[in-house]
Amino acid sequence: MGLINETVQVVSNQQVGPRLHLMVLDAPAIAAGIQPGQFVHMKVPRMEAHILRRPFSVYVRDVEAGTIDILYQVVGFGTDHMTSLQPGEECELIGPVGAVWNPPAQGRCLLVGGGVGAAPLFMLCESIVASDASVDVVLGAQTEAALVCRDRYAKLLGDEPRCATDDGTYGRAGFCTSLVQEALQQAAEEGAPYDYVAVCGPEPLMKIVAGLAADAGVRCEVSMEKRMACGIGACLSCVVDTVDGKKRACVDGPVFDAGKVVW
Ligand SMILES: Cc1cc2nc3c(=O)[nH]c(=O)nc-3n(C[C@H](O)[C@H](O)[C@H](O)COP(=O)(O)OP(=O)(O)OC[C@H]3O[C@@H](n4cnc5c(N)ncnc54)[C@H](O)[C@@H]3O)c2cc1C
Ligand code: FES
């Protein structure tokens, strides 16, 4: 599907965790076309002095209702301003942008979401659940209140995802990388190793998980959330160093083969 520039309406916009907000947008054209891994580039209204769009992954899409959900973390001016958007307000989206995840059609998959990185993996998880492959999920967050995607994953999987919190308020205490290491090891010992790992979250987490997957001989993909200006491949503000040279996260990614990224 080609790029659409769609004027969409805010349906709801609520705080769901510490610095975490969920915005539901009435965006029927983008909802119908977007694929797991792709993102939208949002022109935040009433922000005339800041003309750059902000890129966001789609957490959930509902094709029938024509809506997309964006889970966003408040980190700066744009995302702080987004919290003030009211139901009924209009904004402009370009999408769907970027490359998709490439899970295997069959076999065993492991998805690893750190912080708000749990959101861009949810549509991928849905597509794997609907396929002949199987999927396990590891989620990490600073604290229990920030594990805002946990219930939705549990409902989809029919089981709790494996969770870790930095402060030990839920699941394993510490970083979720120990859960990833254990899952890879256990699967190999059971004689049913993973065929694919997908990871999204802070870059240090992705780098560690990419290394663990490489050590285990498992194909791994990462979603590189680089700062973006144009979002359409023209400005080179989002480059990722790869073994094949510099690539643009907005159009060559954001999903990359982790084995090709020069960390
Ligand atoms: C493909 C893609 C998908 C994304 N999906 C999501 C998502 O689903 N939910 C979400 O909360 N965020 C997501 N992000 C990150 C989001 O775009 C930024 O957090 C947002 O643009 C920051 O805008 P701001 O005006 O609030 O921050 P600014 O005021 O511009 O910057 C504030 C701080 O945020 C950091 N920052 C800015 N842009 C990014 C970025 N792209 N990645 C990481 N740090 C950044 C800056 O380094 C700075 O420290 C995604 C980014 C990309 C590239
Ligand atoms: S944001 Fe301009 S090339 Fe990627």
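Residues numbered from 1 in each chain as written. Chains lettered and ligands numbered in written order. Predicted model: local features only at pLDDT ≥ 70, side-chain atom pairs only at ≥ 80, totals over all residues.

Describing the domain arrangement of the protein
Phase 1 of the analysis: Taken domain by domain, the protein consists of domain 1 (4–97) and domain 2 (106–260).
Phase 2 of the analysis: One C-alpha centre belongs to domain 1, the other to domain 2; they are set 22 Å apart.
Phase 3 of the analysis: Contact with domain 1, which involves 20 residues of that partner, is made by 17 residues of domain 2.
Phase 4 of the analysis: If you list the elements that add at least two residues to the side of domain 1 that touches domain 2, you get strand S1 (4–17), strand S3 (39–43), strand S4 (54–57), strand S5 (60–62), strand S6 (67–73) and strand S7 (90–97).
Phase 5 of the analysis: For the side of domain 1 that touches domain 2, the class distribution of residues is 13 nonpolar, five polar and two charged. (Domains from an automatic or database assignment. Contact = placed C-beta atoms within 7 Å. Helix = DSSP H or I, 4+ residues; strand = E, 2+ residues; numbered from the N terminus. Nonpolar A, V, L, I, M, F, W, Y, C, P; charged D, E, K, R; others polar.)

A look at the sheet that holds S6
Phase 1 of the analysis: One open sheet holds the seven strands; their spatial order is S4-S3-S7-S1-S2-S6-S5, and the pairing between them is antiparallel. Because the sheet does not close on itself, it has two edges, and the strands there are S4 and S5. In this sheet, adjacent strand axes meet at a mean angle of 35 degrees when their direction is disregarded.
Phase 2 of the analysis: Here three bridges tie S5 to S6, and the two strands are oriented antiparallel to one another. Along S6, the bridge assignment pairs Arg 61 with Ile 68. (Pairing = 2+ DSSP bridges. Axes fitted to C-alpha atoms, helices over the stretch in contact; angles between N-to-C directions.)

Description of the site of ligand 1
Phase 1 of the analysis: Surrounding ligand 1, one finds 21 residues, the nearest of these being Ser 57, Gly 76, Gly 78, Thr 79 and Glu 225.
Phase 2 of the analysis: Put simply, the parts of the chain that give the shell around ligand 1 at least two residues each are S4, S6 and helix H2 (77–82).
Phase 3 of the analysis: Considering every element that reaches the shell around ligand 1, the biggest residue donor is S4, with four residues.
Phase 4 of the analysis: Within the shell around ligand 1, the residues separate by chemical class into 12 nonpolar, five polar and four charged.
Phase 5 of the analysis: Each of domain 1 (4–97) and domain 2 (106–260) contributes no fewer than three residues to the shell around ligand 1. (Near = placed C-beta within 6 Å.)

Quick word on the pairing of strand S12 (residues 196–200)
Phase 1 of the analysis: Extensive coverage of S12 is indicated by the burial of five of its five residues.
Phase 2 of the analysis: The side-chain alternation of S12 yields two buried faces, one formed by Tyr 196, Ala 198 and Cys 200 and the other by Val 197 and Val 199.
Phase 3 of the analysis: Pairing of strand S8 (residues 106–114) with S12 involves five bridges; the strand directions are parallel. Residue pairing for S12: Leu 111 is matched across the bridge by Ala 198.
Phase 4 of the analysis: Pairing between S12 and strand S13 (residues 219–223): four bridges, direction parallel. Paired with Ala 198 across the strands is Glu 221, a residue of S13.
Phase 5 of the analysis: Running through helix H6 (residues 203–216), the crossover from S12 to the neighbouring parallel element S13 is right-handed. (Buried ≥ 20, exposed ≤ 12 C-beta atoms within 10 Å, placed from the backbone. Right-handed = clockwise from strand over helix to strand, strands pointing away.)

Quick look at the packing of helix H3 (residues 122–129) against helix H4 (residues 150–157)
Phase 1 of the analysis: Closest axis-to-axis distance for the H3/H4 pair is 10 Å, and the angle between their directions is 10 degrees. The angle between H3 and H4 places the two elements in the roughly parallel class. Contacts between H3 and H4 involve Phe 122, Cys 125, Glu 126 and Val 129 from the first element and Arg 152, Tyr 153 and Leu 156 from the second.
Phase 2 of the analysis: Considering only residue class, the contact of H3 with H4 consists of five nonpolar, no polar and two charged. (Parallel < 35°, antiparallel > 145°, perpendicular 65-115°, else oblique.)

Points about the nonpolar core
Phase 1 of the analysis: Counting residues in each nonpolar core, the largest one holds 81 residues, and the members touching the most others are Leu 111, Leu 139, Val 197, Val 199 and Val 209.
Phase 2 of the analysis: Examining the composition of this core, we find that seven residues originate from one element, H6, more than from any other.
Phase 3 of the analysis: If near-sequence neighbours (up to four positions away) are discounted, Leu 111 is found in contact with Leu 121, Leu 124, Cys 125, Val 135, Val 137 and Ala 198. (Core = buried A, V, L, I, M, F, W, Y, C linked by C-beta atoms within 7 Å.)

Re the pairing of strand S10 (residues 162–165)
Phase 1 of the analysis: The sheet contact formed by strand S9 (residues 132–141) and S10 spans four bridges and is parallel. What sits directly across from Gly 140, in S10, is Ala 164.
Phase 2 of the analysis: Read as a crossover between parallel neighbours, the route from S9 over H4 to S10 is right-handed.
Phase 3 of the analysis: Pairing between S10 and strand S11 (residues 172–173): two bridges, direction parallel. Looking at S11, one finds that Ala 164 is bridged to Arg 172.

As for the sheet that holds S12
Phase 1 of the analysis: Spatially, S11-S10-S9-S8-S12-S13-S16 is the arrangement adopted by the seven strands of the open sheet, whose pairing is mixed. Strands at the two margins of the open sheet, each flanked by one partner only, are S11 and strand S16 (255–257).
Phase 2 of the analysis: Along the sheet face, helix H5 (residues 177–189) touches S8, S9, S10 and S11 and points at about 155 degrees away from the line of S9.
Phase 3 of the analysis: Together, S8, S12 and S13 form the strand contacts of H6, whose direction differs from that of S13 by roughly 170 degrees.

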